[in-house]
Amino acid sequence: MSTKNTSIARLAGLSKAFLSVRTTGDLSELLAFSPAHIAAAAARPRYYVFDVPKKGGALRRIEDPDDNLQPVQTALNEYLQAVYWRRRSDAAYGFLAVPAGDPSPRHIETNAAQHLGKAWLLNADLKDFFHQVTKERVRAVFAGEPFGFGAEVCDLLTRLCTYRGRCPMGAPTSPVLSNLAFRDADEDLLVLSRRRGWTYTRYADDMSFSCHEPLSWDAYSDIQRCVKRHGFVFNPEKATLYGPDDAKIVTGLLLGPRGVEIPPDFIPQIADDIRQLSGAVRVQYRVDTRGSRTLERFKRSVEGKLRFVDRIMGPKHPAAVELWKDYRAALAPPKEYGSRGWLDFDYF
């Protein structure tokens, strides 16, 4: 099941159904998998583990669930997304369902738009966000509100959603679980921000704070202390403070005088993403020629950026046309593997 093209009413129904689970049998019936299938997937979770190149030459470790586990996680993800959507933090803008009729859709563009017109901006980045969501945090999510599941159900869900003691980078459930695990931190940061007169938003692991009054690095220290109280840490190398005269960037988008715009380096960043995608395609064909759900998510991420370029610059702009051409070429199977068809690929 997918949260795409869903409705607010359907999300409400999915949320109610999932919160009604009391036993592992209830869970099995709801997800439409046999108890034996779920038990086996949880007992021996298997992942295809491989690396893909990041910007700058470093490698990103991907853990892609196998064909027994992935469908269970996909079904779980839809229910978890429905539960979180109805209780989402005011700060959260990433990894969210966007149902039809949503009066305030949350995505990368609306996240950046919250900070338009502010003289000061501070961006911070959580370090290895998914891997900070440990199995203990996941179990606490399922045991706490609004779930309140018993020990047996909590244990089963935790084993289905974690690998090597934390949320894996590649599982369909990891994004929404990261949002759920960060809810208390989000609320404390919102309290701090409202008290200081800041606007705070979070898109996945990218956090932005903006205001009209001067911000300093003392503010970053206060934010760090707040996050640390909840057991999370920042990547200190990715904190950026902008003043009134600086061009301001939020999740790669420029806060321009006419709204959210494409910054000068956005096109080169997409081109770099496409090169990473091409490398990931080659790596995945060496690992498993059936394709990868993780690759499909990365593909969708790049497509989203390309559609944003089309919306701002126009689909016939030469830069947009060239990017789409390179994108399609990146998805072609490597020549040494012949003409195998493309299957899937998941998020980054």
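Rules used in this analysis
- Residues numbered from 1 in each chain as written.
- Predicted model: local features only at pLDDT ≥ 70, side-chain atom pairs only at ≥ 80, totals over all residues.
- Heavy atoms only, no water.
- Helix = DSSP H or I, 4+ residues; strand = E, 2+ residues; numbered from the N terminus.
- Buried < 20%, exposed > 50% of the residue type's maximum accessible area, 1.4 Å probe, protein only.
- Contact = heavy atoms within 4.5 Å.
- Polar contact = N/O pair within 3.5 Å; in protein donor to acceptor, adjacent residues only side chain to side chain.
- Pairing = 2+ DSSP bridges.
- Axes fitted to C-alpha atoms, helices over the stretch in contact; angles between N-to-C directions.
- Parallel < 35°, antiparallel > 145°, perpendicular 65-115°, else oblique.
- Left-handed = near helix turned anticlockwise from the far one by under 90°.
- Core = buried A, V, L, I, M, F, W, Y, C linked by side-chain atoms within 4.5 Å.
- Phe/Tyr/Trp six-rings, centres within 6.5 Å; stacked < 30°, edge-to-face > 60°.
- Lys NZ or Arg CZ within 6 Å of the ring centre and 35° of its normal.
- pLDDT = per-residue confidence, 0-100.

Asks: Quick one: what's the story with the overall build of the chain, residue by residue and with numbers?
Replies: Within the chain, the secondary structure is distributed over 14 helices and nine strands. Expressed as a percentage of its 348 residues, the buried residues of the chain come to 51%. Counting only contacts in the chain whose residues sit at least 6 apart along the sequence, the fraction spanning at least 24 positions is 73%.

Asks: I'd like a description of unusual backbone geometry, backed by residues and values.
Replies: Residue Pro-146 is reached from Glu-145 by a cis peptide bond, and omega for that bond is 5°. Within the element layout of this structure, Pro-146 appears in the loop between α7 (135-143) and α8 (151-161). A positive phi is found at Ala-204, a non-glycine position, where the angle reads about 60°. Inspection of the secondary structure puts Ala-204 in the loop between β4 (199-203) and β5 (206-211).

Asks: An account of the side chain of Ser-174 is needed here, citing residue identities and associated values.
Replies: Here Ser-174 lies in helix α9 (residues 174-181). At 2.6 Å, the side chain of Ser-174 forms a polar contact with the backbone oxygen of Pro-168.

Asks: A description of the pairing of β5 should follow, citing residues and the corresponding values.
Replies: Judged by how many residues are buried, β5 sits mostly within the fold: five of six residues are covered. With five bridges connecting them, β4 and β5 associate as antiparallel partners. Within β5, the position partnered with Arg-202 by the bridge is Met-207. Here β4 folds back onto β5, and the loop between the two strands holds two residues, one of which, Ala-204, carries a positive phi near 60°.

Asks: How would you summarise the packing of α7 against α8 if you had to cite specific residues and measurements?
Replies: Where α7 contacts α8, the axes come no closer than 9 Å and their chain directions differ by 135°. With respect to each other, α7 and α8 are oriented oblique. When you trace α7 past α8, the crossing you get is right-handed. Between α7 and α8, the contacting residues are Lys-135, Val-138, Arg-139, Phe-142 and Ala-143 on the first element and Cys-154, Asp-155, Leu-157 and Thr-158 on the second.

Asks: I'd love a proper account of the nonpolar core, names of residues and values included.
Replies: If you look at the biggest cluster of nonpolar residues, it comprises 100 residues, and the most contacted ones within it are Phe-18, Phe-147, Leu-160 and Phe-182. Considering every element that reaches this core, the biggest residue donor is helix α4 (residues 70-86), with nine residues. Contact partners of Phe-147, with chain neighbours within four places excluded, come to Phe-18, Leu-19, Leu-80, Val-83, Val-141, Phe-142 and Leu-180.

Asks: Before we move on, could you go through the sheet that holds β5 and cite the residues and values that matter?
Replies: Taken in spatial order, the four strands make up an open sheet running β4-β5-β3-β6, and their pairing is antiparallel. A strand with exactly one partner marks an edge of an open sheet, and here the two such strands are β4 and β6 (240-242). The sheet shows a mean angle of 15° between the axes of neighbouring strands, taken without regard to direction. Its contacts with the sheet place helix α10 (residues 183-196) against β4 and β5, and it is angled at close to 155° to β4.

Asks: A description of the side chain of Thr-201 should follow, citing residues and the corresponding values.
Replies: Secondary-structure assignment places Thr-201 in strand β4. A distance of 2.8 Å separates a polar atom in the side chain of Thr-201 from a polar atom in the side chain of His-115. Excluding anything up to four places from it in sequence, Thr-201 contacts Ala-91, Tyr-93, Asn-111, Gln-114, His-115, Asp-206, Met-207 and Ser-208.

Asks: Give me the lowdown on the packing of aromatic side chains, citing residues and values where you can.
Replies: Scanning the model with the defined rule gives 18 aromatic pairs in all. Between Phe-182 and Phe-232 the ring centres are 4.9 Å apart and the planes differ by 75°, which places this aromatic pair in the edge-to-face class. With a gap of 50 residues between them, Phe-182 in the loop between α9 and α10 and Phe-232 in the loop between α11 (217-229) and β6 connect regions that are remote in the sequence. Among the residues examined, Phe-182 registers a relative accessible area of 0% and is labelled buried. Between Arg-88 and the ring centre of Trp-85, over which it is positioned, the NZ or CZ distance is 4.2 Å. When the ring centre of Tyr-93 is taken as reference, the NZ or CZ atom of Arg-106 above it lies at 5.3 Å.

Asks: Give a description of the confidence of the model for the chain that names residues and reports values.
Replies: For the chain, the mean per-residue pLDDT works out to 89, and 90% of the residues sit at or above 70. For the stretch residues 336-348, pLDDT sits under 50, and the model shows 61 contacts to residues farther than four places along the chain or on other chains.

Asks: So what's going on with the sheet that holds strand β7 (residues 249-250)? Residues and values would help.
Replies: Strand order across the open sheet formed by three strands is β7-β8-β9, with antiparallel pairing between neighbours. Sheet topology places β7 and β9 (259-261) at the edges, where each strand pairs with a single neighbour. Where strand β8 (residues 253-256) lies against β9, three bridges are found, and the strand directions are antiparallel. Paired with Leu-254 across the two strands is Glu-261, which belongs to β9.

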